[in-house]
Amino acid sequence: MPDPGLIQHQWNKHGTCAGLDQASYAQDIRDATARVAIPQTFQEGNAQRLDARDVERLFTAANPGLTQEGVAVSCRSGRFAEVRICLSHDLDFRACTQVDRNGCGQSNLEVLAR
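What counts, and where the lines are drawn
- Residues numbered from 1 in each chain as written.
- Predicted model: local features only at pLDDT ≥ 70, side-chain atom pairs only at ≥ 80, totals over all residues.
- Heavy atoms only, no water.
- Disulfide = S-S within 2.5 Å.
- Helix = DSSP H or I, 4+ residues; strand = E, 2+ residues; numbered from the N terminus.
- Buried < 20%, exposed > 50% of the residue type's maximum accessible area, 1.4 Å probe, protein only.
- Pairing = 2+ DSSP bridges.
- Contact = heavy atoms within 4.5 Å.

A. Just the state of the cysteines, in detail. In the structure shown here, the tally under the stated rule is one disulfide. In this model Cys86 forms its disulfide with Cys96; the gap between the sulfur atoms is 1.7 Å. Its torsion about the S-S bond being 85°, the disulfide of Cys86 and Cys96 is classed as right-handed. A residue pair is termed long-range when its members are at least 10 positions apart, and Cys86 in the loop between strand E3 (79-85) and helix H4 (97-101) and Cys96 in the loop between E3 and H4 qualify at 10 residues. Each member of the pair, Cys86 as well as Cys96, is classed as buried. Take Cys17: it sits in no disulfide, and the sulfur closest to it among the cysteines is that of Cys86, at 17 Å.

B. Focus on the pairing of E3. Summarising the sheet, strand E2 (residues 71-76) and E3 pair through six bridges and their orientation is antiparallel. The residue bridging Cys75 from the neighbouring strand is Phe80, located in E3.

C. Representation of the environment of Phe93 in the model. Mapped onto the secondary structure, Phe93 falls in the loop between E3 and H4. By relative accessible area, which is 13% here, Phe93 ends up buried. Separated by 52 residues in the primary sequence, Phe93 and Thr41 have C-alpha atoms spaced 21 Å apart. Contact partners of Phe93, with chain neighbours within four places excluded, come to Arg35, Val36, Asn63, Pro64, Gly65, Leu66, Ile85, Cys86 and Leu87.

Structural data, given as structure tokens:
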């Protein structure tokens, strides 16, 4: 999380209920981020068009143990917004039906690599 305002927002929304102090919560976020491999497709620096389900398949292929029920693509106005991946408290991949159910099923999303 590069933005101090976002860090504070996440702490206020999620961290205060985690039973951890702010520094430990921030370390857990860093550990969770390191746990997820970003597929090469999203590291190439060019825009492309993909179906939301293809994005999910790329993430499950890059992350052994991650299933379709544990990942969801979020989109806004025909553009890819984010990938949501569910982890247990031990940072193992897990299913999360509500996140998966609310995911984007759109085709031909504009995806910009980082």
